[in-house]
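# Overview (structure and organization)
The chain contents come next:
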Amino acid sequence: MRKGVMRPGHVQIRVLDVEEALKHYRDLLGLIEVERDDKGRAYLKGWTEVDKFSVVLTPADEPGMDFMGFKVVDEKTVDKLREELMGFGCNVEDIPEGELNGCGRRVRFDTPTGHNFEIYATKEQTGKWGLSKVNPEAWPRGLTGIKATRFDHCLLYGDDIDGTLKLFQEVLGFDLAEQVLDPEGNRVAQFLTASMKAHDVAFIKHPEKNKFHHASFFLETWEDVLRAADLISMTDTSLDIGPTRHGLTHGKTIYFFDPSGNRSEVFCGGDYHYPDHEPVTWTTESLGKAIFYHDRQLNERFLTALT
């Protein structure tokens, strides 16, 4: 049952050098740089996003994800979910309004896989970049690079994905849209959604807690993905895999790395999910085809390069 979580709202990514990272996220991915803060963090957004920012790059000694935030419908929902998160046994931290520029109070919590998430209800809305709120044109002029439209989801690795699934389903109201089962029927991957999308966050079973696989950004067409591949080569950016298609979710995709070693994805298409849909199931015997539908073989780097 849906609990008032609307969508992924932001992700804070650790980078070794913010200026070098901006060449990746701003100049290559085409996100819009919004501002910097007194902690040295850079704020960015996709051009279709109405909220002020969705990506925060923070200077750090090692790469990875600090936290992912979900926007909920109102402040009452923040309070209600905060109590339920505490009842579930999560470690809960209250983050004051303004700690992220333009964002209201947040409630941060941990998951059984060791990742940190946040919920919040209030963030300054600046509208779609370069477009009027009245009679908007089809797209803004002045976009650069891959022209990523929005932050879409994260894929995370950790040990207790069953406990994390229980948390996301029972407390946050997410649906299990797709899963991968081993021959004994154990779930080794899960794709969770609070919307109509194939996934808003996904988890793969891994012996270490709190590992970051990638942040993903949405494009409109397969032609856009192919153009992204050209730009990745034109800039000598480290390529992981693609362009190709997933079996899981059926999205068309390409993966590549930022200068700190964090993986990015851009993709288009993909399945949709309604609350009455049963989970789509893949088996580990078909895992190669599930991940890379065309090659039908696993890329070892895709499974092991984590931050």
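A brief report on the enclosed structure follows. (Residues numbered from 1 in each chain as written. Predicted model: local features only at pLDDT ≥ 70, side-chain atom pairs only at ≥ 80, totals over all residues. Heavy atoms only, no water.)

## Comments concerning the sheet that holds strand β15 (residues 251-257)
Strands belonging to one sheet form pairs held by backbone hydrogen bonds; the direction of such a pair is parallel or antiparallel. Taken together, the nine strands give an open sheet; going across it, the order is β14-β15-β16-β13-β9-β12-β11-β10-β17, and neighbouring strands pair in mixed fashion. Since the sheet does not close on itself, it has two edges, and those belong to β14 (239-245) and β17 (280-283), each with one partner. Taking the axes of each pair of neighbouring strands and ignoring which way they run, one obtains an average angle of 20 degrees across the sheet. Sitting on the sheet, helix α4 (residues 222-234) touches β14, β15 and β16 (263-269), and the angle it makes with β15 is about 15 degrees. (Pairing = 2+ DSSP bridges. Helix = DSSP H or I, 4+ residues; strand = E, 2+ residues; numbered from the N terminus. Axes fitted to C-alpha atoms, helices over the stretch in contact; angles between N-to-C directions. Contact = heavy atoms within 4.5 Å.)

## Some remarks on the packing of helix α2 (residues 75-88) against helix α3 (residues 161-171)
Packing of α2 against α3 leaves a shortest axis separation of 11 Å and a crossing angle of 150 degrees. Considering their axes alone, α2 and α3 lie roughly antiparallel with respect to each other. Crossing handedness for the pair α2 and α3: right-handed. Two secondary-structure elements touch here, α2 through Leu81, Glu84, Leu85 and Phe88 and α3 through Gly163, Lys166, Leu167, Glu170 and Val171. Looking at the contact of α2 with α3, its residues break down into five nonpolar, one polar and three charged. (Parallel < 35°, antiparallel > 145°, perpendicular 65-115°, else oblique. Left-handed = near helix turned anticlockwise from the far one by under 90°. Nonpolar A, V, L, I, M, F, W, Y, C, P; charged D, E, K, R; others polar.)

## Re empty space enclosed by the protein
Here the structure, examined in full by the defined rule, presents one cavity of 30 Å³ or more. Put simply, the largest cavity is a space of about 30 Å³. Every residue lining the largest cavity is listed: Arg14, Gly64, Met65, His115, Asn210, Lys211, Phe212 and Thr307. Counting only elements with at least two residues in the lining of the largest cavity, the list comes to β5 (64-72) and β13 (211-218). Across the lining of the largest cavity, the residue classes tally to two nonpolar, four polar and two charged. (1 Å grid on protein atoms, 1.4 Å probe; cavity = no way out; pocket = protein on both sides within 12 Å on 5 of 7 lines; lining within 4 Å. Points joined across faces, edges and corners; volume = space filled by probe spheres on them.)

## Digging into the pairing of β16
Of all the seven residues making up β16, six are buried; the element is thus mostly covered by neighbouring parts of the structure. As judged from the five bridges shared by β13 and β16, these two strands associate in the parallel manner. When the sheet's bridge partners are listed, His214 is paired in β16 with Arg263. Note: β15 against β16, seven bridges, orientation antiparallel. Within β16, the residue paired with Gly251 across the bridge is Gly269. Hairpin connection from β15 to β16: five residues lie between these consecutive antiparallel strands, with Gly261 at a positive phi of about 100 degrees. (Buried < 20%, exposed > 50% of the residue type's maximum accessible area, 1.4 Å probe, protein only.)

## Some points on the layout of surface pockets
Here the largest pocket defines a volume of roughly 470 Å³. If you go around the largest pocket, you meet 35 residues; those closest to its centre are Leu155, Phe191, Ile204, His246 and Leu248. Contributing elements (two or more residues each) for the lining of the largest pocket: β9 (150-158), β11 (187-193), β12 (201-205), β13, β15, β16, α5 (287-291) and α6 (300-304). Taken together, the residues of the lining of the largest pocket sort by class into 19 nonpolar, 10 polar and six charged. If you add up the space inside the second largest pocket, you get close to 280 Å³. Contributing to the lining of the second largest pocket are 16 residues, with Arg7, Pro8, Glu49, Arg150 and Phe151 lying nearest its centre. Of the residues forming the lining of the second largest pocket, the biggest block, four residues, is contributed by strand β1 (residues 5-15).

## Some thoughts on the pairing of strand β4 (residues 55-59)
Summarising burial for β4: four of the five residues are buried, a large majority. Inspection of the sheet shows strand β3 (residues 42-45) paired to β4 by three bridges, in the antiparallel sense. The partner of Ala42 across the bridge, within β4, is Leu57.

## Focus on the sheet that holds β4
Across the sheet, eight strands lie side by side as β2-β3-β4-β1-β5-β8-β7-β6; this open sheet has mixed pairing. Two strands bound the open sheet, and with one partner strand each, they are β2 (32-36) and β6 (92-95). In this sheet, neighbouring strand axes are inclined to one another by 25 degrees on average, regardless of whether the strands run parallel or antiparallel.

## Looking at the pattern of salt bridges
Tallied over the entire structure, the rule returns 29 salt bridges. Linking Arg26 and Glu33 is a salt bridge whose minimum nitrogen-to-oxygen distance equals 2.8 Å. Arg26 sits in the partly exposed class, given a relative accessible area of 24%. Overall, the relative accessible area of 26% leaves Glu33 in the partly exposed class. (Salt bridge = Lys/Arg side-chain N within 4 Å of Asp/Glu carboxyl O.)

## Topic: unusual backbone geometry
Note that the residue after Gly242, namely Pro243, is joined by a cis bond; omega there is 5 degrees. Note that Pro243 resides in strand β14. In this structure, Lys147 is a non-glycine residue whose phi angle is positive, near 65 degrees. Position of Lys147 relative to the elements: it lies in the loop between β8 (116-120) and β9. We classify Lys147 as partly exposed; its relative accessible area is 35%.

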